[in-house]
Amino acid sequence: FLFQGNALFDSLNALENVALPLEQTTSLPRAEIRDRAMEALHQLELGEHADRYPSMLSGGMQKELLEAFEASLEEGGDRHSPQSKGWMDKVREFFN
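Owing to the predicted nature of the structure, the values given are computational and were not obtained by experimental measurement.

Thoughts on the overall build of the chain
So, point 1. When helices and strands are counted, the chain shows four helices and zero strands.
So, point 2. In the chain, the order of α-helices and β-strands from amino to carboxyl end is α-α-α-α.
So, point 3. Within the chain, contacts between residues separated by at least 24 positions form 66% of all contacts whose residues are at least 6 apart in sequence.
So, point 4. If you sum the accessible surface of the chain, you get close to 5700 Å²; carbon and sulfur atoms cover 47% of it.

Next comes the structure, spelled out in structure tokens:
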């Protein structure tokens, strides 16, 4: 994993958590980002929980959601690009 502990944003629901890396690191249209995030949730059998916040999910579901978050980071393109690196530095700082 990229993060230690639970690196999910409590103020964002599951769909928003998975979409966030794509929103911050790509110029994809919002509809495509939403579709990709939903697909990731469905692949992990979390699609029906898209509107739930991390605190509403079991520990196992939170772990799967974190995996979808990290997969979204990978899909967002070059994690070493200045845009991705700057955003990731901010996320790591927030959770450390």
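Topic: the pattern of salt bridges
So, point 1. Tallying each qualifying case throughout the model produces two salt bridges.
So, point 2. With a closest N to O distance of 2.8 Å, Glu 32 and Arg 36 form a salt bridge. You can see Glu 32 and its partner Arg 36 sitting in helix α2 (residues 30-43), four residues apart, about one turn around the helix.
So, point 3. Glu 32 gets classed as partly exposed once you look at its relative accessible area, which sits at 29%.
So, point 4. Relative accessible area serves as the criterion here: at 29%, Arg 36 is assigned to the partly exposed category.

Quick look at the nonpolar core
Here is a general trend for soluble globular proteins: nonpolar side chains tend to be buried in one another's company.
So, point 1. Counting residues in hydrophobic clusters, the biggest one holds 23 residues, and the most contacted among them are Leu 15, Val 18, Leu 41, Leu 65 and Phe 69.
So, point 2. Looking at this core, the elements with two or more residues in it are α1 (14-25), α2 and α3 (59-75).
So, point 3. Take this core: its biggest share by element is six residues, from α1.
So, point 4. Residues contacting Leu 15, with those up to four places away along its chain left out, are Arg 34, Ala 37, Met 38, Leu 41 and Ala 50.

Description of the side chain of His 49
So, point 1. Summarising the element assignment, His 49 is placed in the loop between α2 and α3.
So, point 2. Those residues in contact with His 49 that sit more than four places away from it in its chain are Ala 14, Leu 57 and Met 61.

A word on α2
So, point 1. Counted at 1.5 Å a residue, the expected span for α2 with its 14 residues is 20 Å, and the 20 Å between its end C-alpha atoms agrees.
So, point 2. Listed as buried for α2 are Ile 33, Ala 37, Met 38, Ala 40 and Leu 41. Down the axis of α2, the smallest arc covering the buried residues is 155°, so these residues share one side. Among the exposed residues of α2, those oriented more than 90 degrees off its buried face are Ala 31 and Gln 43.
So, point 3. Count one or two residues on from α2 and you reach Glu 45, which has phi positive near 60°.

Conventions used here
- Sequence order sets the numbering: in each chain, residues are counted from 1 along the sequence as written.
- Predicted model: local features are reported for residues with pLDDT of at least 70 only, side-chain atom pairs are reported and counted for 80 or more only, and whole-chain, interface and lining totals are derived from all residues.
- Just so you know, side-chain values use all the structure's heavy atoms and leave hydrogens and water out.
- Under the scheme used here, helices are H or I runs from DSSP no shorter than 4 residues and strands are E runs no shorter than 2 residues, and both carry numbers assigned from the N terminus.
- Note on contacts: a residue pair qualifies if any of its non-hydrogen atoms lie within 4.5 Å across the two residues.
- Throughout, the Shrake-Rupley method with a 1.4 Å probe supplies accessible areas, and for residues the shown protein chains are the sole cover considered.
- Only one rule defines a salt bridge in this text: a Lys or Arg side-chain nitrogen within 4 Å of an Asp or Glu carboxyl oxygen.
- The buried label goes to any residue with under 20% of its type's maximum accessible area, the exposed label to any with over 50%, and the partly exposed label to all in between, with areas taken from a 1.4 Å probe on protein chains only.
- Buried Ala, Val, Leu, Ile, Met, Phe, Trp, Tyr and Cys residues form a nonpolar core when they are joined through side-chain atoms within 4.5 Å.
- Expected span, for any helix, means 1.5 Å times one less than how many residues it has.
- Think of it as the arc spanned by the lines of direction from the helix axis to the C-beta atoms.

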